[in-house]
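Geometric and topological summary
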Amino acid sequence: MSKKWVYLFNEADASMKNLLGGKGANLAEMTKLGLPIPQGFTVSTEACVNYYDNDKVIAEDIVKQIEDALAETEKITGKKFGDTEKPLLLSVRSGARVSMPGMMDTILNLGLNDVAVEGFANATGNPRFAYDSYRRFIQMFSDVVMEIPKSKFERVLDEIKEKKGVEFDTDLTADDLKDVVAEFKALYKEEKGEDFPQEPQSQLMEAVTAVFRSWDNPRAIVYRRMNDIPGRWGTAVNVQSMVFGNMGDTSGTGVAFTRNPATGENGMYGEYLINAQGEDVVAGIRTPQPISKLEEDMPEVYEQFMSIAGQLENHYRDMQDMEFTIEDKKLYFLQTRNGKRTAAAALKIAVDLVEEGLITEEEAVMKVDPKQLDQLLHPNFDVASLKAAKVVAKGLPASPGAAAGKVFFTAEDAAAAKANGEKRVVLVRLETSPEDIEGMYASEGILTVRGGMTSHAAVVARGMGTCCVCGCGDIKIDEEAKTFTVDGQTVKEGDYISLDGSTGNVYIEDINTVEPEISGDFAKFMAWADKVRTLKVRTNADNPRDAKNAVEFGAEGIGLCRTEHMFFEEDRIAKVRKMILAKDEAERRTYLDELLPLQRGDFAGMYEVLEGKPMTVRLLDPPLHEFLPHEDADIEALAKDMGVTFEDLKAKVESLHEFNPMLGHRGCRLAVTYPEIAEMQARAIAEAAIEVKKSKGYDIVPEIMIPLVGEVKELAYVKSIVVKTVDEVIAAADVALDYTVGTMIEIPRAALTADQIAEEAEFFSFGTNDLTQMTFGFSRDDAGNFLDDYYEKQVFESDPFAKLDQTGVGQLVEMAATKGKATRPDIKLGICGEHGGDPASIEFCYKAGLNYVSCSPFRVPIARLAAAQAVINNR
Ligand code: PEP
Ligand code: MG
């Protein structure tokens, strides 16, 4: 039998999500549950992949299977596609494995043409409705399939409304809508040079192709990169018979969540519009009614709706986000899925579901996206400043958090301002659309004039964890002039405003923000994650404040203390400079002696905060000239201080210049040239450890890390200095001290010779920043300049400096881990590159058998959760 590409809703179920996409699999599951679902079929994600592999042509056997499924759908519905009497009309919608809101496109009312619209008017006895459906179809088909901008159609519609003297679409009569259709078709012909397609079969195939094509539109590519979705997954296409919410006042359409997606509160949360079709609710064109209003309008439908929604939540054991349509008092569900939610809501729902006995603790751990935890760590307004501030307008509290920043009126302006170094940007729009995605990502906050809690702005902002206030009708926006007026004041581009995404309040001032407090649910939830995970989570920190923060977030130690960061401090940079520029070892040692107590103090401060938790201290790593003065005036002052001439010192500074410092005199190479630096640092570490061990009684075992090793003899040499120094310190002290010496694996040669390196190293810490740089040969300082071109041209799907390249760099990590263990079975393995805070990379580290990951303080909770999910995913 040939491969099956197309599945009727009654041939599949929820387990087939990868093949049929989330929407398709759930439509099948709901069909299986006997719920009122307009029937249809799903073209699989594999068909989409096949389309791309087949030079963007849908293969013949797929076309054939679509035709067969269509014939079956006709039988099930008793209507015929393209029929002039009682035509079957279809919706065509994308549906990937994971939902990609706003990224893909939908076409409704497919199958209408000049003849079918008459038949449809007769069959329904409602010509107004028939022509309304046709004009929507022409508009959507033109936009999605033919790429004629929607706005051109909207302009035509607005002109006609104005001519007829009506405010809302619903006030247009059947004859008015016939005019709209005629004008839309004329516009189509003007744009395309041909008539609007009348053949339903070709409309369908064009629409399926358009959905496949939209998988690779630039917005989808950006979304995939932000959300770690592989390009090879493809999207499914759902073809479903239409039901109509725009048949009059006994019809309507809406979206609802079984729990509040912003707070997680248990209770139906949704909105609907009478006499409207799906797009009207999400597009925010008319402001919808709360779902509770349905109880007044159509009590029986409301009751049925509530009962099915409850059934769905129990069935999926998660908060559901549902789309429904009422066609002349008959309720249909068009989709259900696990609803997107804020991080706070995700935690509350996960904890509540456990407490309600619906799921286990481990299932709860899987219900929160680790990256989302970021949101909980986002700022809120400072209470005192907020009290003094004046609310000038109020919109819907669409996505919580606080934002204050400069106003920009287009997504491009917002993104450009951010790229040019503007730290805090607030995007103000009439409403947002998928084209705005990059500008939304660049913004601290988003304010829209139109649209409800399920509008594009609200849904997308919640997903990103960006503060958003939407549907704020109080403000009058002039997009052309780039201003808005509210409360008698005019706000221009670049002025400051503040938004409270938790209350919907808007302020024309720059209100101070403060770090958030973490709720009780958080601790409970994280404890469940901690029970499961086996990877330890450490942090990268080089000052006591960051270390303390990280410990509060659950860090179990420090995986990387970059000592060079300590050298930049105000009170020591001059000493560091003198040390580097010293004429000989003897002079260098005098300056190192001045630095010793400062370094010792730094380490003691760290050990105190850590209260016995481990800390890996790395010896000086970066090229020395990074510390040097470059301005003549600074060189002059330093020369005076050191008692040398300006010319001599300038010549010395210039002699330290390197053409390629990332591959230059840095890491352990510095210690090979200047062992006295390593000696001072090793002494400072050992003395600090002994001091705090004695004063506080913590069991401290220093871990001293030698960076940028590529050859075991480099390590052996520097280690000998370290060991000699530390042993001398211990011998002179009256307490015992254990310590270990290890290295970073950040040069490919170190990974390749890890068995030899492990002869000397008691631990490895993978420095995947440098390892990525050197494996790809991409300068980590400059790659950002061209990586955008790589994403755009789909050479890369993600930034290898953010998400570990498992195929290449990962192979080196695995090889080094295996070789290291072969030499030294108890070798401790960790990662301290940026990847240590990235969930997908953390899962990789777990599988590679690492003992811990180390990441920046604010990513510690993310890493804890990702480490727990890694265990569950790989059972
Ligand atoms: C690394 O290279 O991954 C690393 C952690 O070191 P640094 O970023 O300081 O070079
Ligand atoms: Mg490095």
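Refer to the structure presented above.
This structure is a prediction, so every number in the text was calculated from the model and none was measured.

As a further point, take the overall build of the protein. Within the protein, the regular secondary structure consists of 35 helices and 33 strands. Scaling as 2.2 N^0.38, a compact globule of 875 residues should have a C-alpha radius of gyration of about 29 Å, and the protein matches this with 32 Å. Considering only C-alpha atoms, the protein reaches an extent of 100 × 70 × 55 Å along its principal axes. Going through the 875 residues of the protein one by one, you find that 56% of them count as buried.

Grouped together as the largest cluster of nonpolar side chains are 129 residues, with contacts concentrated most on F525, M579, F603, Y607, I706, F764 and L850. When residues of this core are assigned to their parent elements, the largest contribution, 11 residues, is made by helix α27 (residues 675-696). Filtering out sequence-adjacent residues up to four positions away, L850 remains in contact with L535, F766, V813, L829, G830, I831 and C845. The next biggest cluster of nonpolar side chains, apart from the first, holds 68 residues, and it includes W5, I58, A59 and V180.

Taken together, the 5 strands give an open sheet; going across it, the order is β10-β9-β8-β11-β12, and neighbouring strands pair in antiparallel fashion. Since the sheet does not close on itself, it has two edges, and those belong to β10 (289-290) and β12 (330-338), each with one partner. In this structure, strand β9 (residues 266-274) lies alongside β10, joined through 2 bridges in antiparallel fashion. Bridge pairing links Y272 to Q289 in β10.

Inspection of the entire model under this criterion finds 72 salt bridges. The salt bridge partner of E585 is R589, with a shortest N-O separation of 2.9 Å. Here E585 pairs with R589, and both are found in helix α23 (residues 585-610), just 4 residues apart, close to one helical turn. The exposure class assigned to E585 is partly exposed, which follows from its relative accessible area of 41%.

Before going further, it helps to spend a moment on the site of ligand 1. The full set close to ligand 1 counts 14 residues, and R562, R618, G767, N769 and R780 are the nearest of them. With respect to ligand 1, the backbone of T768 contributes an N or O atom lying 3.0 Å from an oxygen atom. Contact between ligand 1 and R780: an oxygen atom at 2.7 Å from a side-chain N or O atom of the residue. Protein coverage of the free-state accessible area of ligand 1, which is 280 Å², stands at 96%. Every element with two or more residues in the shell around ligand 1 is listed here: β27 (558-562) and α31 (768-776). Of all the elements, α31 adds the most residues to the shell around ligand 1, at 3 residues. Its residues assigned to classes, the shell around ligand 1 shows 3 nonpolar, 4 polar and 7 charged.

Ideal geometry at a metal gives 109.5 degrees between four tetrahedral donors and either 90 or 180 degrees between six octahedral ones. At the metal site, the magnesium ion (ligand 2) is ligated by E746 (OE) and D770 (OD), and these contacts range over 2.0 to 2.2 Å. Note that E746 is positioned in the loop between β30 (740-745) and α29 (748-752) and D770 in helix α31, a separation of 24 residues in sequence. One exposure class covers both E746 and D770, and it is buried.

Quick look at the pairing of strand β17 (residues 425-429) now. The buried fraction of β17 amounts to 5 of the 5 residues, a majority that puts the element mostly inside the structure. By the alternation rule, side chains of β17 split into V425, L427 and R429 and V426 and V428, which are all buried. In this sheet, β17 lies alongside strand β16 (residues 402-408) in parallel orientation, the contact comprising 3 bridges. Bridge pairing in β17 links K406 to V425. Handedness of the crossover joining β16 and β17 through helix α16 (residues 411-419): right-handed. As judged from the 4 bridges shared by β17 and strand β18 (residues 445-448), these two strands associate in the parallel manner. By the bridge assignment for β18, R429 is matched with T448.

Attention shifts here to helix α13 (residues 343-355). Between its first and last C-alpha, α13 extends 18 Å over 13 residues, near the 18 Å set by a 1.5 Å rise per residue. In terms of burial, α13 is largely enclosed, as 10 of its 13 residues are buried. Positive phi shows up at G357, right after α13, with a value of about 80°.

Another aspect to go through is the sheet that holds strand β1 (residues 6-8). Here 5 strands make up an open sheet; going across it, the order is β1-β2-β7-β5-β6 and the pairing antiparallel. The open sheet has two edge strands, β1 and β6 (106-110), and neither has a second partner. Strand after strand, the sheet turns through a mean of 20° between neighbouring axes, direction not considered. As defined by bridge partners, strand β5 (residues 90-96) adjoins β6 across 3 bridges and the pair is classed as antiparallel. Note on β6: the bridge partner recorded for R93 is T106.

Before going further, it helps to spend a moment on helix α8 (residues 200-214). The end-to-end C-alpha separation of α8 is 21 Å, in line with the 21 Å expected for 15 residues at 1.5 Å each. Counting buried positions along α8 gives 11 out of 15 residues, so the element sits mostly inside the fold.

Two faces make up the sheet, and in a regular strand the side chains alternate between them. With burial as the criterion, each face of strand β29 (residues 703-706) is covered, one bearing E703 and M705 and the other bearing I704 and I706. As paired elements, strand β28 (residues 615-618) and β29 share 3 bridges and run parallel to each other. Bridging across to β29, R618 finds its partner in M705. As paired elements, β29 and β30 share 4 bridges and run parallel to each other. Directly across from I704, in β30, lies its bridge partner V741. Remark: the β29/helix α28 (residues 712-732)/β30 crossover connection has right-handed handedness.

Tallied over the full model, the rule gives 5 cavities of 30 Å³ or more. In the lining of the largest cavity, the residues fall into 11 nonpolar, 2 polar and no charged. Approximately 60 Å³ is the volume attributed to the second largest cavity. In terms of lining, the second largest cavity is formed by I221, R224, R225, I229, G231, Y791, Q794, F796 and E797. With 3 residues, the top contributor of residues to the lining of the second largest cavity is helix α9 (residues 218-227). Tallied by class, residues from the lining of the second largest cavity come to 4 nonpolar, 2 polar and 3 charged.

It is worth spelling out the packing of helix α3 (residues 60-77) against α8 at this point. Where α3 contacts α8, the two axes come as close as 12 Å, and the packing angle between them is 120°. Taken together, the axes of α3 and α8 lie oblique to each other. In this structure, α3 meets α8 at a crossing whose hand is right-handed. Where α3 abuts α8, its residues V63, I66, E67 and L70 lie against Q201, L204, M205 and V208. Counted by class, the contact of α3 with α8 contains 6 nonpolar, 1 polar and 1 charged residues.

What follows concerns unusual backbone geometry. You will see that R317, though not glycine, has its phi angle at about 55°, which is positive. For R317, the location among the structural elements is in the loop between α12 (299-316) and β11 (320-327).

Reading the values: the criteria
- Residues numbered from 1 in each chain as written.
- Chains lettered and ligands numbered in written order.
- Predicted model: local features only at pLDDT ≥ 70, side-chain atom pairs only at ≥ 80, totals over all residues.
- Heavy atoms only, no water.
- Helix = DSSP H or I, 4+ residues; strand = E, 2+ residues; numbered from the N terminus.
- Rg over C-alpha atoms; globule rule 2.2 N^0.38 Å.
- Buried < 20%, exposed > 50% of the residue type's maximum accessible area, 1.4 Å probe, protein only.
- Core = buried A, V, L, I, M, F, W, Y, C linked by side-chain atoms within 4.5 Å.
- Contact = heavy atoms within 4.5 Å.
- Pairing = 2+ DSSP bridges.
- Salt bridge = Lys/Arg side-chain N within 4 Å of Asp/Glu carboxyl O.
- Near = heavy atom within 4 Å.
- Polar contact = N/O pair within 3.5 Å; in protein donor to acceptor, adjacent residues only side chain to side chain.
- Areas by Shrake-Rupley, 256 points an atom, 1.4 Å probe, with all protein chains shown as cover.
- Nonpolar A, V, L, I, M, F, W, Y, C, P; charged D, E, K, R; others polar.
- Donors = N, O, S within 2.8 Å, 3.2 Å for Na, K, Ca; no water.
- Right-handed = clockwise from strand over helix to strand, strands pointing away.
- Expected span 1.5 Å × (residues − 1).
- Axes fitted to C-alpha atoms, helices over the stretch in contact; angles between N-to-C directions.
- 1 Å grid on protein atoms, 1.4 Å probe; cavity = no way out; pocket = protein on both sides within 12 Å on 5 of 7 lines; lining within 4 Å.
- Points joined across faces, edges and corners; volume = space filled by probe spheres on them.
- Parallel < 35°, antiparallel > 145°, perpendicular 65-115°, else oblique.
- Left-handed = near helix turned anticlockwise from the far one by under 90°.

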